[in-house]
Amino acid sequence: MYKQQVLEILMDVGERGISAALLSKHVYNLNCTFFFQPDIDEIRRWVWSYLQRNARSRHPLIERTGRHGYYRLNKRGIAYMRQQRLSPADTAGKATGQDKDEELPEIPGLFD
């Protein structure tokens, strides 16, 4: 459910890691909108169980740090996240030789 958000946050915090409680708050804030507020307790339970499951697996993406309740991506997890950040649109633009800096044709506005 919140897997991609958790992995993105862990990628951003880097080597120092983040506490499970703070990670839950970040996920909660990412999912709050003007019209919808998710249940914070549900998010906490989901994040905690996700961290526990993945830190104890045979080949984990997530590992515990030396501090109690802190987690980070391990080296394999960082490589996985870097690979995931390359979207098919990025690779298609490189294959056709298009640059992001290339100017797009100007489209007339509504009141032009």
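One can find the structure itself at the top, above this paragraph.
Being a predicted model, the structure only gives us computed values, none of them experimental.

**Things to note about helix H3 (residues 40–55)**
Piece 1. With 16 residues, H3 extends 22 Å from end C-alpha to end C-alpha; this agrees with the ideal 22 Å at 1.5 Å per step.
Piece 2. The complete set of buried residues in H3 reads Ile43, Trp46, Val47, Tyr50, Leu51, Gln52 and Asn54.

**Brief notes about the packing of helix H2 (residues 20–31) against H3**
Piece 1. In contact at an axis separation of 9 Å, H2 and H3 are set at 125° when each is read in the N-to-C sense. Classified by the interaxial angle, the pair formed by H2 and H3 is oblique. As H2 runs across H3, the sense of the crossing is right-handed. Contact with H2, carried on its side by Ala20, Leu23, Ser24, Val27 and Tyr28, involves Ile40, Ile43, Arg44, Val47, Trp48 and Leu51 of H3 and no other residues of that element.

**Thoughts on the nonpolar core**
Piece 1. Grouped together as the largest cluster of nonpolar side chains are 21 residues, with contacts concentrated most on Val6, Leu10, Leu23, Val27, Val47, Leu51 and Ile62.
Piece 2. At the level of elements, helix H1 (3–13), H2, H3 and strand E3 (70–73) are the ones that each hand at least two residues to this core.
Piece 3. For this core, the element with the most residues is H1, which contributes six residues.
Piece 4. Each residue touching Val47, except ones within four places of it in the same chain, is listed here: Val6, Ala20, Leu23, Ser24 and Val27.

Each value, and the rule that gives it
- Residues numbered from 1 in each chain as written.
- Predicted model: local features only at pLDDT ≥ 70, side-chain atom pairs only at ≥ 80, totals over all residues.
- Heavy atoms only, no water.
- Helix = DSSP H or I, 4+ residues; strand = E, 2+ residues; numbered from the N terminus.
- Expected span 1.5 Å × (residues − 1).
- Buried < 20%, exposed > 50% of the residue type's maximum accessible area, 1.4 Å probe, protein only.
- Axes fitted to C-alpha atoms, helices over the stretch in contact; angles between N-to-C directions.
- Parallel < 35°, antiparallel > 145°, perpendicular 65-115°, else oblique.
- Left-handed = near helix turned anticlockwise from the far one by under 90°.
- Contact = heavy atoms within 4.5 Å.
- Core = buried A, V, L, I, M, F, W, Y, C linked by side-chain atoms within 4.5 Å.

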